[in-house]
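What the coordinates show
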Amino acid sequence: MTDRRLRISVLGSTGSIGTNTLDVVGQHPDRFEVHALSAARQVDLMVEQCLRFKPRRAVMADEQAAAQLRERLGAAGLVIDVASGAQAICEIASDQDVDVVMAAIVGAAGLAPALAAAKAGKRLLLANKEALVVGGDLFMETVRHGGGTLLPIDSEHSAIFQSLPDDPATWSRRVEKIVLTASGGPFRARDPSTLSSVTPDQACAHPNWVMGRKISVDSATMMNKALEVIEAHYLFRMPPERIEVVIHPQSVIHSMVQFHDRSVVAQLGTPDMRVPIAYGLSWPERMASGAAPLDFTALSALTFEQADEHRFPGLKLAWEAMAGTPGSTAVLNAANEVAVQAFLDGQLRFDQIHRVNRATLEDYLPSKPAGLDDLLAIDAEARQRARALMGRIAV
């Protein structure tokens, strides 16, 4: 840590990761100051955040929301630069006055600002798994060239990072495999034949974590874990065949690393996203997160299960996408975003999400992307094909 307070931009400040980040930052006013915030259209919450943290800049996804925010902040007597649009979000991610960027915008929309922060050499706290799933090698190369620091915020990847040796150059020769844990979501014990009747509210009722609706559905289908497998492959330079997923319903062990001598190092903690957020903010130090301590005497058991491919057929799409042509992981992510939104909108059954994802992955073999424009083009084409295929699947 430096002698001065670190300046932070929070991208997606009104989402679950964003609000938890601001909770942690608010506990340490001597260490951090909020430079900029961005959100989609939640003006009411953005007003509250601006009143408390008084950032220099605030960015909304569209001008209508920005105009409302500008008017309300003006009425409150706050002088904050309010802007709108994707370019403005990239600007607060790469601003020369910013030290730390929390990238918590959900979906492929978070790719461009995460790349902007990486290119500018920021300490990038990555909660947007799609940046790696879509960006892959291009994103990691941008991080290397930018000279910044990439720290994973997903609880699983933060756990792996904390369990790995300090020197990345030794990972490949010391590590036998990475083990990602998964809670199994709300349907871990449900009869797979009944999943066609699942409602959005049921899918979003996660037993352990409080999350947004999209990622909650991904947890229910285990597509979140499929995307995390891809993310781990790029983050930790680990071959796909050396990444494993195991169901751990208690969500106490957040992930593990098995070494060649068969010893296992794991990171444990209460299921509270403030823990990995605080670790990313304070790394290589540690600071209070506000989370409750883990009480081992209150734990009745820590159990583990194999992932049921019949109940969670989407999980193996991770390895299939990584074995496909470059850009296939971006296709999978785009198809899943379309399918999940259609399910939340009542246009697709829960059990049809996987069918749309698989059909799109099989239908579209993209050319190797050379830059951001190529990635965005793959994303757009995959979405178009997913919608067309959905029209036939949802009949």
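Check the entry above for the structure.
A few points on the structure. Predicted model only: the values in this text are computed from it and were never measured.

Within the largest apolar cluster, 105 residues are counted, with the highest numbers of intra-cluster contacts made by Leu 69, Met 102, Phe 139, Phe 236 and Leu 281. For this core, the element with the highest residue contribution is helix H11 (residues 223-235), accounting for eight residues. When neighbours within four sequence positions are excluded, Phe 236 is seen to be in contact with Pro 152, His 157, Ile 160, Phe 161, Leu 164, Trp 171 and Ile 178.

At the junction of Trp 283 and Pro 284, the peptide bond is cis and its omega measures out at 5° in the coordinates. Along the chain, Pro 284 falls in the loop between helix H12 (274-282) and helix H13 (317-323). The phi torsion at Met 222 lies on the positive side, around 70°, for a residue other than glycine. Among the structural elements, Met 222 can be located in the loop between helix H10 (213-221) and H11. Given a relative accessible area of 1%, Met 222 falls into the buried group. The backbone of Ser 251 sits at a positive phi, close to 55°, despite the residue not being glycine. Mapped onto the fold, Ser 251 is located in the loop between strand E9 (243-247) and strand E10 (253-259).

A two-sided burial pattern is seen for strand E5 (residues 100-103), the buried positions comprising Val 100 and Met 102 on one face and Val 101 and Ala 103 on the other. The pairing of strand E1 (residues 6-11) with E5 spans four bridges and is parallel. Its bridge partner being in E5, Leu 11 is matched across the sheet by Ala 103. Looking at chain direction, E5 and strand E6 (residues 123-126) are connected through four bridges and run parallel. Bridging from a neighbouring strand, Val 100 pairs with Arg 123 of E6. Between E5 and its parallel partner E6, the chain crosses via helix H5 (residues 111-119), and the hand of that crossover is right-handed.

The next thing to look at is the pattern of salt bridges. Counted under the stated rule, the structure contains 31 salt bridges. Here Glu 244 and Lys 177 are joined by a salt bridge, their closest N and O atoms 2.5 Å apart. In this pair, Glu 244 sits in strand E9 while Lys 177 sits in strand E8 (residues 175-182), placing the two residues 67 residues apart along the sequence. The exposure class assigned to Lys 177 is partly exposed, which follows from its relative accessible area of 21%.

Thresholds, definitions, all that
Residues numbered from 1 in each chain as written. Predicted model: local features only at pLDDT ≥ 70, side-chain atom pairs only at ≥ 80, totals over all residues. Heavy atoms only, no water. Core = buried A, V, L, I, M, F, W, Y, C linked by side-chain atoms within 4.5 Å. Buried < 20%, exposed > 50% of the residue type's maximum accessible area, 1.4 Å probe, protein only. Helix = DSSP H or I, 4+ residues; strand = E, 2+ residues; numbered from the N terminus. Contact = heavy atoms within 4.5 Å. Pairing = 2+ DSSP bridges. Right-handed = clockwise from strand over helix to strand, strands pointing away. Salt bridge = Lys/Arg side-chain N within 4 Å of Asp/Glu carboxyl O.

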